[in-house]
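Listed below are the residues making up each chain.
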Amino acid sequence: MDGYFRRGMAAPDLMSICIDQRSENGSTGRLYCRCGRTGKIFKNEYQLLKLMEKVMDEIDYPQSSVEMRSYQKKIESVRKRAALSVSSEEVAAQKGRCATFLVHVQYRQNATWQGEIMWMEKKKIQTFRSALELLKLLDSAR
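Note that residues are indexed from 1 along each chain, following the sequence as it is written. Totals for whole chains, interfaces and linings use all residues, but because this is a predicted model, local features are given only for residues with pLDDT of at least 70 and pairs of side-chain atoms are given and counted only at 80 or more. For side-chain calculations, the full set of non-hydrogen atoms in the structure is used, while hydrogens and water are omitted.

A. View of the sheet that holds strand S4 (residues 99-107). Whether two strands pair comes down to DSSP finding at least two bridges between them. Only runs of H or I of at least four residues qualify as helices and only runs of E of at least two qualify as strands under DSSP, and these elements are numbered from the N terminus. In spatial order, the strands read S3-S2-S1-S4-S5-S6; together these 6 strands make up an open sheet with antiparallel pairing. Both outer strands of the open sheet, strand S3 (36-42) and strand S6 (124-128), are each paired with one neighbouring strand and no more. Mean inter-strand twist for the sheet, computed between neighbouring axes without regard to direction, equals 25°. As paired strands, strand S2 (residues 26-33) and S3 are joined by 4 bridges and run antiparallel to one another. For Gly29, the partnering residue across the bridge sits in S3 and is Phe42. By definition, residues are in contact when any of their heavy atoms lie within 4.5 Å. Axes here refer to lines fitted to C-alpha atoms; in helices the fit is confined to the stretch in contact. Angles between the N-to-C directions go from 0 to 180 degrees. Contacts from helix H1 (residues 45-59) reach strand S1 (15-23), S2, S3 and S4 within the one sheet, and its direction differs from that of S2 by about 15°. The sheet strands contacting helix H3 (residues 131-140) are S1, S4, strand S5 (114-119) and S6, and the helix crosses S6 at an angle near 155°.

B. Representation of H1 within the structure. Given the number of residues in a helix, its expected span is that number minus one, multiplied by 1.5 Å. A rise of 1.5 Å per residue sets the reference length of H1, with its 15 residues, at 21 Å; its end C-alpha atoms lie 21 Å apart and thus fit the reference within 8%. Among all positions in H1, only Leu48, Leu49, Leu51, Met52, Val55, Met56 and Ile59 are buried. Looking down the long axis of H1, one finds its buried residues gathered within 160° of arc, a one-sided arrangement. Residues adjacent in sequence count toward polar contacts only when both atoms are side-chain atoms; beyond that, a polar contact is any pair of N or O atoms within 3.5 Å, and within protein one must be able to donate a hydrogen and the other to accept it. Sitting at the head of H1, Asn44 places a side-chain oxygen 3.1 Å from the backbone nitrogen of Tyr46. Between buried and exposed lies partly exposed: a residue is buried under 20% and exposed over 50% of the maximum accessible area for its type, with that area taken using a 1.4 Å probe on protein chains only. Arc, as used here, means the arc of the directions from the helix axis to the C-beta atoms.

C. Local environment of H3. When H3 is considered as a whole, its buried residues turn out to be Ala131, Leu134, Leu137 and Leu138. Buried positions in H3, seen along its axis, are confined to an arc of 115° and lie on one side of it. Pointing more than 90 degrees away from the buried face of H3 are the exposed residues Leu132, Lys136 and Ser140. Where H3 is buried, its residues contact S1, H1, S4, S5 and S6.

Here it is as structure tokens:
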């Protein structure tokens, strides 16, 4: 593991994106996180972003600086914080058939995400300043 990325390994929101198939319609694969042993399947990048957002909301890390707007009526509920049951090493050990990425979202500010992503096969690390930039980095790793 690269020394620079090592600080992100302790993060509660460390996620492994395992890309199993790529096509012109998008990527499919699995998302692994520290709050569950089984991978969450995604069929496109939009589903991936929704899954990642759900994980961060469940563990309440990093906290969002804005409340997202919606057409749905908001239902107030008491949310129980999800427990971290998987080690960072177990998350990092997951592999995709096409590519694997470790992602550490450091901030959720300005209605988007900022953080680091590591392409595991090439040991390349990039920072991203938005969810869109994260998607472009995922797509450029071929």
